[in-house]
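# Fold and geometry: a report
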Amino acid sequence: MDALILKLRRRHRGHFGLEPAVVSYAPGRVEILGNHTDYNEGFVLSAAIDAGIAFGLNPSGTPESTLFASDFDESVRFPAGHPGRTDKERWSNYARGVYSLMRVKYGFEPQGFLATQLGDIPIGSGLSSSAALDIASGLAFAAFHGLAPDKIDLARIGQKAEHEYAGVNCGLLDQISSLFGQAHGLVFTDFRTLQVKSVLLPPGYAFLVANTAVKHALVDSEYNERRRRCEEAAAYFARVLGPRVKTLRDVSWDDLERHRGSLDPAVWNRAAHPIGEDERVLKGVDLLHMGDAAGFGRLMFESHRSSQIYFQNSCPELDTLVEAAHATPGVLGARLSGGGFGGSIVALIEEARAESVARALAAAYEKAHGHVIEPRVVVPSAGARLI
Ligand code: GLA
């Protein structure tokens, strides 16, 4: 992070000729267990990672704002009071959205700014570079306007920016993980109460992430479709089981089995994934408390299997990596991480064998898909902050 912040300051000075008055940082996240459970008010184990987005700004002294994306050396200008949404520099919609939504929530007078954003999370890796940008920009805008927003409010603003400015109806997982990250700890979130707890990984183990570097077309519309199906299933169960069912969180695997014949099979399959995942997360937390890394790893493999057969949000590239992980000594479990349809897998590994595991996964991937990848260990890290 320190190197990224230094680089941000340098790039900001280079572009605007000023030392940034406010600097913030927000990490990306890795989803460890609990896939597509957040918007079903279920449970997730995740971690903030040691890569993120840095954001720096100064007042412009004019009614106009400039946003500089130092990663691609592009900049864009817009009226401070009306950042709007654009179809051209889409990368700018996250910060524009966050600024607009913060203004609606907190009612401040808009002020022009000169801002630089810079990250070290590979875009499209499924490690939530966009949520990190929502949160980093939100923290910087808050400081710029003398506000100290509640973390959950800030997470919701970031989520709304994704819905309204980027068109993805995501849950709160990415923003919460970025804000509540713990150095060396996993983030265990109950997405009904939004209570967050820290869970430790037994010593000697680590998480390794391998990025397929693919993002299949229609990812966003597939994501939104999965969410609609889950809501359809929850509405069905509310009809047949009564008002105790608000979301799929309230439906057990037994309930699901009993209604196998009466629910559209496509909807049934979609519902099976988050329902099974919730059970796996709760079991997984117990296993970690008991120091049972092998048992936890098996749940990760089951989670991936559930993605493949029920939710159909995996793809051949992700499957190659999970299969290779399964066959590699030193790996306890592996699964896709995040929305799916591309992005990364996460594997639980014996820390001492990180290098050989990374080599084995890279070799299997190159053989199957002709592409060189660089799997790497991610370190659970502290959450977003002002620098
Ligand atoms: C993406 C979304 C999250 C969550 C995951 C799947 O990362 O942004 O809200 O739904 O997919 O678990």
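Residues numbered from 1 in each chain as written. Predicted model: local features only at pLDDT ≥ 70, side-chain atom pairs only at ≥ 80, totals over all residues. Heavy atoms only, no water.

## Observations regarding the overall build of the chain
Condition: Numbering goes from the N terminus for both helices and strands, where a helix is a DSSP run of H or I of at least four residues and a strand is a run of E of at least two. Radius of gyration here is computed from C-alpha atoms only, and the compact-globule reference equals 2.2 Å multiplied by the residue count raised to the power 0.38. Type-normalised accessible area, obtained with a 1.4 Å probe on protein chains alone, sets the label of each residue: buried when under 20%, exposed when over 50%, and partly exposed for intermediate values. Contact definition: two residues touch when any of their heavy atoms are within 4.5 Å. Surface accessibility in these figures is a Shrake-Rupley result with a 1.4 Å probe; residues are shielded only by whichever protein chains are displayed. Neither His nor the chain termini are counted; the positive set is Lys and Arg, and the negative set is Asp and Glu. Taken as the charge centre is NZ of Lys, CZ of Arg, CG of Asp or CD of Glu, depending on the residue.
For the chain, the helix and strand inventory stands at 11 helices and 12 strands. For the chain, whose C-alpha radius of gyration is 21 Å, the value lies close to the compact-globule estimate of 21 Å for 387 residues. The principal-axis extents of the C-alpha atoms in the chain amount to approximately 65 × 50 × 40 Å. By residue count, 60% of the 387 residues in the chain fall in the buried class. Taking the intrachain contacts of the chain between residues at least 6 apart in sequence as the baseline, contacts between residues at least 24 apart amount to 72%. Here the chain has roughly 15800 Å² of accessible surface; of this, 51% comes from carbon and sulfur atoms. Of note, the chain has its 40 positive side-chain charges centred 2 Å away from the centre of its 45 negative side-chain charges.

## What about the domain arrangement of the chain?
As a reminder of what qualifies: The source of the domain bounds is an automatic or database domain assignment. We define buried area as the total accessible area lost by two parts upon association, computed with a 1.4 Å probe and summed across both. The rule for a salt bridge is simple: a side-chain nitrogen of Lys or Arg has to be within 4 Å of a carboxyl oxygen of Asp or Glu. Whenever two N or O atoms come within 3.5 Å, that pair is a polar contact, provided that in protein one can donate a hydrogen and the other can accept it, and provided that, for residues adjacent in sequence, both atoms are side-chain atoms. Gly is put with the polar residues, along with every residue not named as nonpolar or charged; the nonpolar set is Ala, Val, Leu, Ile, Met, Phe, Trp, Tyr, Cys and Pro, and the charged set is Asp, Glu, Lys and Arg.
Taken as a whole, the chain is organised into domain 1 (2-200) and domain 2 (205-378). Computed from C-alpha atoms alone, the centre-to-centre distance between domain 1 and domain 2 is 25 Å. At the interface, 38 residues of domain 1 touch 43 residues of domain 2. The contact between domain 1 and domain 2 buries some 3300 Å² in all, and 59% of this surface belongs to carbon and sulfur atoms. Between the two partners, domain 1 and domain 2, sit 4 salt bridges. With a closest N to O distance of 2.9 Å, Arg249 and Asp190 form a salt bridge. Applying the counting rule to domain 1 against domain 2 returns 24 residue pairs in polar contact (both at pLDDT 80 or more). At the level of secondary structure, the elements contributing two or more residues to the side of domain 1 that touches domain 2 comprise strand 1 (22-33), strand 2 (43-59), helix 4 (151-166), strand 6 (185-190) and strand 7 (195-200). Considering every element that reaches the side of domain 1 that touches domain 2, the biggest residue donor is strand 2, with 6 residues. Here the residues of the side of domain 1 that touches domain 2 sort into 18 nonpolar, 13 polar and 7 charged.

## Re the packing of aromatic side chains
Rules: Aromatic pairing here means that ring centres of Phe, Tyr or Trp (its six-membered ring) are within 6.5 Å. Orientation follows from the plane angle: under 30 degrees is stacked, over 60 is edge-to-face, and everything else is tilted. Only Lys NZ and Arg CZ are tested; either one counts as a charge over a ring when it is within 6 Å of the ring centre and within 35 degrees of the ring normal.
Within the structure shown, the criterion is met by 15 aromatic pairs. Between Tyr39 and Tyr223 the ring centres are 5.8 Å apart and the planes differ by 70°, which places this aromatic pair in the edge-to-face class. Linking Tyr39 in the loop between strand 1 and strand 2 with Tyr223 in helix 6 (residues 219-241), this pair joins segments that are 184 residues apart in sequence. By the burial criterion, Tyr39 is buried, and Tyr223 matches it. Ring pairing ties together the aromatic residues Phe55, Phe78, Tyr99, Phe108, Phe113, Phe141 and Phe144, which thus form one cluster. Taking NZ or CZ as reference, Lys151 lies 4.7 Å from the ring centre of Phe180, over its face. Over the face of the ring belonging to Phe311 we find Arg226, whose NZ or CZ atom lies 5.9 Å from the ring centre.

## A short note on the site of the ligand
Put simply, the rule reads: In these notes, residues near a molecule or strand are those with any non-hydrogen atom within 4 Å of it.
What surrounds the ligand is the set Arg29, Glu31, Asn35, His36, Asp38, Tyr39, Cys170, Gly171, Asp174, Tyr223, Gly338 and Gly339. One of the side-chain nitrogen or oxygen atoms of Asp38 is found 2.6 Å away from an oxygen atom of the ligand. Summarising the interface, the protein chains cover 93% of the accessible area of the ligand, which totals 300 Å² for the free molecule. A class-by-class count of the residues in the shell around the ligand yields 3 nonpolar, 5 polar and 4 charged. Split by domain, the shell around the ligand shows at least three residues from each of two domains, domain 1 (2-200) and domain 2 (205-378).

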